[in-house]
Amino acid sequence: MGKNKKKKGSSHSKIVLLFIFLIVILGVYSAFFSGMSNNGKVSYITVDKDDTPDSILYKLKPKVTHYSLIAYKQLARLVGYGNNIRTGRYKIGNSGALMTFRHIRNGMQAPVSLTIRSVRTLGDLADDVCKQMMFTRTEFMNKITDAETCKKYGYTPTTIIAMFVPNTYDFYWNTSLDKFLNKISNGSKKFWNFSRLQKAKQMGLTPTEVITLASIVDEETDNVGEMPMVAGMYMNRYKKGMRLQADPTVKYATGNFTAHRIYEKWTLTDSPYNTYRYKGLPIGPIRIPSVAAIDAVLNYVHHDYMYMCAKEDFSGTHNFSKTYEEHQVNASNYAKALDKKGIN
């Protein structure tokens, strides 16, 4: 009888020990192999040149589970990670501590999907790019406004923005600025395929001049369907040697980007961007134009209109006219509509 009780107690203890062992095994497995993310969502950390094992743990802590952080810390200590830190952007998600540590230790980065948007200035472009890349805004601005760098790619500091055609690129976060610009340049060359180059040549314009005109068209209208008409009007003026008198160039020259009216004193501004004062195209684009605007210029509508004015119904489209007298009527109607709404 006593022996049976002893055997039962011994069996029970073994079951408890086995249960504890399984829990430990599951805990270890979970810490090392289950997803590190503490909320089930994907996030990222960036490892800089001055990071240390401790600073990486600090970056990981708010993003990962407690036990996976402990597992990662033990792995880092075990292999002496402090002597082999690689910069980069790394994914924190459904991979466990072991796989995540392997990626960070070996520099196996998650790429950055960076979109070049249609923005107005180099400063706006720098803001978009540098918040997703390792190089700083200052480094970027210094590089793309450097005459020698611009010359290397076939541009000047006033035209380099034409190299940035809207598109989405994959980069590694720690890509050097030179390699970044090389990829953008290759993307621009790819955009300017044989068909687009031939159309520009037939117009008597270089790709940079096409983009410069497209930047004006993009500022003139948000209506993609109207863009080829607007481009055609400017091409008519350009071919006749007339001043383009494009309101967006005055806004750019004076910094009055949101103005609804163009005052005569603004048109007198002495700026190479002011097409009221100087003939031909501005010295460079006044924004990164959309692909739609670039193709609208390359496929502009051939018509006889020489003037245009925003419609008084504020539809965002324009009234086109062949004579200055017709244009004056349209301009007067638009001015009255502005007055009626109290828009200065």
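Model, not experiment: these values are computed from the prediction.

Draft legend 1. Structural context of the environment of Ile 161. Structurally, the position occupied by Ile 161 is in the loop between α7 (147-152) and β4 (167-171). For Ile 161, a relative accessible area of 6% corresponds to the buried category. On a C-alpha basis, the gap between Ile 161 and Gly 284 in space is 8.1 Å, while along the polypeptide they are 123 residues apart. Setting aside residues no more than four positions away along its own chain, Ile 161 makes contact with Arg 120, Thr 121, Leu 122, Pro 285, Arg 287 and Ile 288.

Draft legend 2. Highlighting the domain arrangement of the protein. For the protein, the domain assignment lists domain 1 (28-106), domain 2 (112-185) and domain 3 (194-303). Taken over C-alpha atoms, the centre of domain 1 sits 31 Å from the centre of domain 2. Contacts between the two partners involve 7 residues from domain 1, matched on the other side by 4 residues from domain 2. Interface area lost by domain 1 to domain 2 is led by Thr 46, Thr 87 and Arg 89, which between them contribute 65%. Summed over the shared surface of domain 1 and domain 2, the result is 0 salt bridges. In this assembly, domain 1 and domain 2 are joined by 1 residue pair in polar contact (both at pLDDT 80 or more). Elements with a contribution of two residues or more to the side of domain 1 that touches domain 2: β1 (43-47) and β2 (88-92).

Draft legend 3. Local environment of the pattern of salt bridges. Scanning the model with the defined rule gives 9 salt bridges in all. Taking the shortest distance from any N to any O, the salt bridge between Lys 59 and Asp 51 comes out at 2.7 Å. Residue Lys 59 is classed as partly exposed on the basis of its relative accessible area of 23%. In this structure, Glu 219 and Arg 287 form a salt bridge, with 2.4 Å as the shortest nitrogen-oxygen distance. One end of the pair, Glu 219, is in helix α10 (residues 207-220); the other, Arg 287, is in the loop between α13 (264-267) and α14 (291-298), with 68 residues separating them in the sequence. Its relative accessible area of 22% is what places Glu 219 among the partly exposed residues.

Rules of the game
Residues numbered from 1 in each chain as written. Predicted model: local features only at pLDDT ≥ 70, side-chain atom pairs only at ≥ 80, totals over all residues. Heavy atoms only, no water. Helix = DSSP H or I, 4+ residues; strand = E, 2+ residues; numbered from the N terminus. Buried < 20%, exposed > 50% of the residue type's maximum accessible area, 1.4 Å probe, protein only. Contact = heavy atoms within 4.5 Å. Domains from an automatic or database assignment. Buried area = accessible area lost by both parts, 1.4 Å probe. Salt bridge = Lys/Arg side-chain N within 4 Å of Asp/Glu carboxyl O. Polar contact = N/O pair within 3.5 Å; in protein donor to acceptor, adjacent residues only side chain to side chain.

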